[in-house]
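# Tertiary structure, described
Chain by chain, the residues run as shown.
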Amino acid sequence: MKVLQINAVYGFLSTGIIAKDICDMLERNGEQTAVATQKTSINADNVYIVGNKLDWKYHALHSRIFGKQGYASKGATKRLLKWMDKENPDIVHLHNLHSNYINFNLLCDYLAKKNIATVITMHDCWYFTGKCSHFAHTNCDRWQKSCGNCSQLKREVPSLFLDATEKTLIDRTEHLLKIKNLTLVGCSKWIAEQAGKSRLKSVRTEVVYNGVDTGVFKPHESDFRQKHNIGDKFVILGMANKWTEPVNKKAVDAIIDKNPDAAIVIVGCKDEHRAIFEGKDNVIPVGFVSERNELSDIYASADVFVNLTRADTLPTVNMESVCCGTPVVTFDSCGSPELVDEDSGIVVAQDDVDGLVGAINKVKNGECRFDALTKHSKFDKNTCYGRYYDIYKTLI
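A short tour of the structure in this document, coming up. As the structure is a computational prediction, the values presented were derived from the model and not from experiment.

## Side note on the sheet that holds strand β13 (residues 345-348)
In spatial order, the strands read β10-β9-β8-β11-β12-β13; together these six strands make up an open sheet with parallel pairing. If you trace the sheet from one side to the other, it starts and ends with β10 (283-286) and β13, each paired once. In this sheet, neighbouring strand axes are inclined to one another by 20° on average, regardless of whether the strands run parallel or antiparallel. Relative to β13, strand β12 (residues 328-331) runs parallel, the two being bridged by four bridges. Bridged to T330 within β13 is V347. Helix α11 (residues 292-301) rests against β8 (235-239) and β9 (263-267) of the sheet, and its axis sits at about 140° to β8. Across the sheet, helix α12 (residues 316-323) is in contact with β8, β11 (304-307) and β12; its angle to β11 comes to roughly 170°.

## Details of the packing of aromatic side chains
Considering all chains together, one arrives at twelve aromatic pairs under this definition. Note on Y48 and W83: the rings are 4.8 Å apart at their centroids and 20° apart in plane angle, and the pair reads as stacked. Of the two residues, Y48 is situated in strand β3 (residues 47-49) and W83 in helix α3 (residues 74-87); the sequence distance between them amounts to 35 residues. Taking the relative accessible area as the measure of exposure, Y48 reaches 18% and is therefore buried. A connected cluster of aromatic rings, assembled from ring pairs, spans F128, F135, W143 and W190.

## Describing unusual backbone geometry
Despite not being glycine, N115 has its phi angle at roughly 55°, a positive value. Inspection of the secondary structure assignment puts N115 in the loop between α4 (104-114) and β5 (117-122). Of the residues examined, N115 reaches a relative accessible area of 52% and is grouped as exposed. The phi dihedral of C147 is positive, around 55°, even though this residue is not glycine. Structurally, C147 is set in the loop between β5 and α5 (165-177). Judged by its relative accessible area of 10%, C147 is buried.

Criteria and thresholds
- Residues numbered from 1 in each chain as written.
- Predicted model: local features only at pLDDT ≥ 70, side-chain atom pairs only at ≥ 80, totals over all residues.
- Heavy atoms only, no water.
- Pairing = 2+ DSSP bridges.
- Helix = DSSP H or I, 4+ residues; strand = E, 2+ residues; numbered from the N terminus.
- Axes fitted to C-alpha atoms, helices over the stretch in contact; angles between N-to-C directions.
- Contact = heavy atoms within 4.5 Å.
- Phe/Tyr/Trp six-rings, centres within 6.5 Å; stacked < 30°, edge-to-face > 60°.
- Buried < 20%, exposed > 50% of the residue type's maximum accessible area, 1.4 Å probe, protein only.

This is how it looks when you write it as structure tokens:
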């Protein structure tokens, strides 16, 4: 069996690591792999780069002018398809295609014509909407029927002049439905349920969690507290990309004000983020952490991880925290709450600031105690990605 994966990145960032982990799993089972990508941290004979910088920039410009992402890069995509002819995969596994590097319709037509078994991992909602990767930002449900009058026209890849979301939604779903042997995989139960409300509701859908490396993310001793002179303070951990969103300001201010004796560690801070927390003596801003062992040290040193996400399909950070033995407090939004069991954290209603502060206090008072190793079987990447192997085998 030969599996070809297509994703915007390979070997780095969340989906790129997932694609690499799936390749590793397949090769351990004696199967062949190939990867087509826009950007990679791994140079190998089985990795194909789609397009070039000039083409990507043109595609981005095309998307902004015409409001339609995935309609440019025709030449680059035709060259990709010729390479795919040589590779002759049994299965094509699609991840993120919305990064201005591939012509979506040409690819779908090829997969349909060749009758190649196709798996799509829905890391976000892009495949069943007319533009956005997450409709939860504006609580929109127009994607269930037609899109149009898009409330997120100027977000993500901004459409400068035209609202083409209605046409794009119809076009996108019609091209996908041409593929007879198609399986959708939701990386959370939540997104699988959303796909069931969309124009793709007739397609077979499975759920496979994105796993984590439990050899790295596990309870252990670290010197993070010592490095930052934290001592035995109660440590509240957060991620800067969520904690610095204007919509979360009220919640963040409340957490900081109500926990003056705690050490509040914010990871991923840029200079502008540090300015937000300037003068907050109980806040420790930490820069971007890409090394997984270093990130694991931070999780293992924290007492609670507070995830203020409002639009996440399946926040890997929740799994990483739990696997390190640190309970999670999160909003009841999208796929985030399904990763928190009754003993491993607390879920509060979105925008319930008092509930959020109260949940942190419950953790501080010892109300969340669990054995992290019991969670490893649920989130371990080898177990999770083994499910893909089972799906592949049923398709061929």
